[in-house]
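Each chain, written out:
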Amino acid sequence: MPRVLYELAAADPDRRFSPFCWRIRLALEHKGLAFEGRPWRFTEKVALSFSGSDKVPVLVEDGRPIADSSVIAAHLETAYPDRPSLFGGPVGAALTRFHLAWTDQVLHPAVVPLLLLDIHRHLAEADKGYFRTSREARFGKPLEAVCPDPEAQLATLRRTLSPVRAVLRHQPFLGGDTPLYADHAVMGAFLWARGVSTLTLLEPDDPVEAWRRRMLERMGEGSRALVFG
């Protein structure tokens with residue numbers, strides 16, 4: 001039975017843009033596990049009813065659905081101990097919890113104001129109303145008012161990346177000589193942006209930009225098609 005990863009998609013099924021789905025796609029490639037990426041959209045809740053979840057990513061393996069990116073990553077590490085580790089051992093797994101919390105609670109809020117209108121523009125028509133209503137309720141204002149000064153928000157994002165930049169001045173990846181799941185989590189935010197926006201997030205001489213390019217070069221053929229196609 002093929003391994004299937006349900007991923008958030010725009011109107012174009014090859015435009016995948018969830019940062020949480022991207023980190024699992026990268027994790028599967030890290031483990032060298034073949035899978036089929038299956039597009040899913042916000043209003044297709046019924047399509048996930050078998051999983052007990054109403055959001056992606058959902059991984060189906062041997063007929064068993066596994067939801068939530070952190071749960072999926074932990075499963076992959078436990079189920080495939082003979083393949084490259086996502087965390088570098090128990091201590092690395094513990095430290096990765098900090099990386100995930102920082103990415104979700106600090107980096108993503110700095111990125112999302114820059115992307116909201118672009119995401120809305122790329123969505124299938126059936127999803128646009130849901131997205132606008134749910135995000136305007138979350139931010140307490142119209143989508144158009146969330147980011148009144150993109151240049152200021154971009155400067156905020158670049159400051160937010162200071163701890164990542166400091167690490168990458170001393171080593172090629174957050175995981176050291178090779179990427180680990182912490183790299184996949186942070187890279188998910190950049191692939192989120194790349195999937196919907198042409199905005200240049202980083203200066204050419206930024207160590208984070210050099211790292212981002214290294215991460216892009218390591219991506220599998222299927223993933224490269226989704227971001228370069």
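Look up a bit, the structure's there.
A brief look at the structure comes next. Treat the numbers as computed from the prediction; the structure is a model and nothing was measured. (Residues numbered from 1 in each chain as written. Predicted model: local features only at pLDDT ≥ 70, side-chain atom pairs only at ≥ 80, totals over all residues. Heavy atoms only, no water.)

**Regarding the nonpolar core**
Next, step 1: Core analysis: the biggest nonpolar cluster contains 52 residues, and Phe17, Leu157, Phe190 and Trp211 have the highest contact counts within it.
Next, step 2: Discounting chain neighbours no more than four positions away, the residues touching Trp211 are Leu168, Pro172, Phe173, Leu174, Asp183, Val186, Met187 and Phe190. (Core = buried A, V, L, I, M, F, W, Y, C linked by side-chain atoms within 4.5 Å. Buried < 20%, exposed > 50% of the residue type's maximum accessible area, 1.4 Å probe, protein only. Contact = heavy atoms within 4.5 Å.)

**Looking at unusual backbone geometry**
Next, step 1: Here the bond from Val56 into Pro57 is cis, since omega is 10°, no more than 30 degrees from zero.
Next, step 2: As for its position among the elements, Pro57 is in the loop between strand S2 (36–40) and strand S3 (58–61).
Next, step 3: For Asp62, which is not glycine, the phi torsion reads 55° and is therefore positive.
Next, step 4: Within the secondary structure, Asp62 sits in the loop between S3 and strand S4 (64–67).
Next, step 5: Residue Asp62 is classed as exposed on the basis of its relative accessible area of 68%.
Next, step 6: Look at Asp68: it is not a glycine, yet its phi comes out positive at around 85°.
Next, step 7: Positionally, Asp68 belongs in the loop between S4 and helix H2 (69–79). (Helix = DSSP H or I, 4+ residues; strand = E, 2+ residues; numbered from the N terminus.)

**Considering the pattern of salt bridges**
Next, step 1: Applying the stated rule across the entire model yields 16 salt bridges.
Next, step 2: Among the salt bridges present, the one from Arg121 reaches Asp118, with a minimum N-O distance of 3.0 Å. Taken as a pair, Arg121 and Asp118 lie in helix H3 (residues 90–122) at a separation of three residues, close to a single helical turn.
Next, step 3: Through salt bridges with shared partners, a single network forms among Glu7, Arg16 and Arg25. (Salt bridge = Lys/Arg side-chain N within 4 Å of Asp/Glu carboxyl O.)

**Overview of the pairing of strand S1 (residues 4–8)**
Next, step 1: Counting buried residues along S1, five of its five residues qualify, which places the element largely inside the surrounding structure.
Next, step 2: Of the two faces of S1, the one holding Val4, Tyr6 and Leu8 and the one holding Leu5 and Glu7 are both buried throughout.
Next, step 3: Pairing of S1 with S2 involves five bridges; the strand directions are parallel. From the neighbouring strand, Val4 faces S2, where its bridge partner is Glu36.
Next, step 4: A crossover connection joins S1 to the parallel S2 through helix H1 (residues 19–31); in handedness this β-α-β unit is right-handed.
Next, step 5: In terms of strand pairing, S1 meets S3 through three bridges, oriented antiparallel. Pairing of Val4 across the sheet is with Val60, part of S3. (Pairing = 2+ DSSP bridges. Right-handed = clockwise from strand over helix to strand, strands pointing away.)

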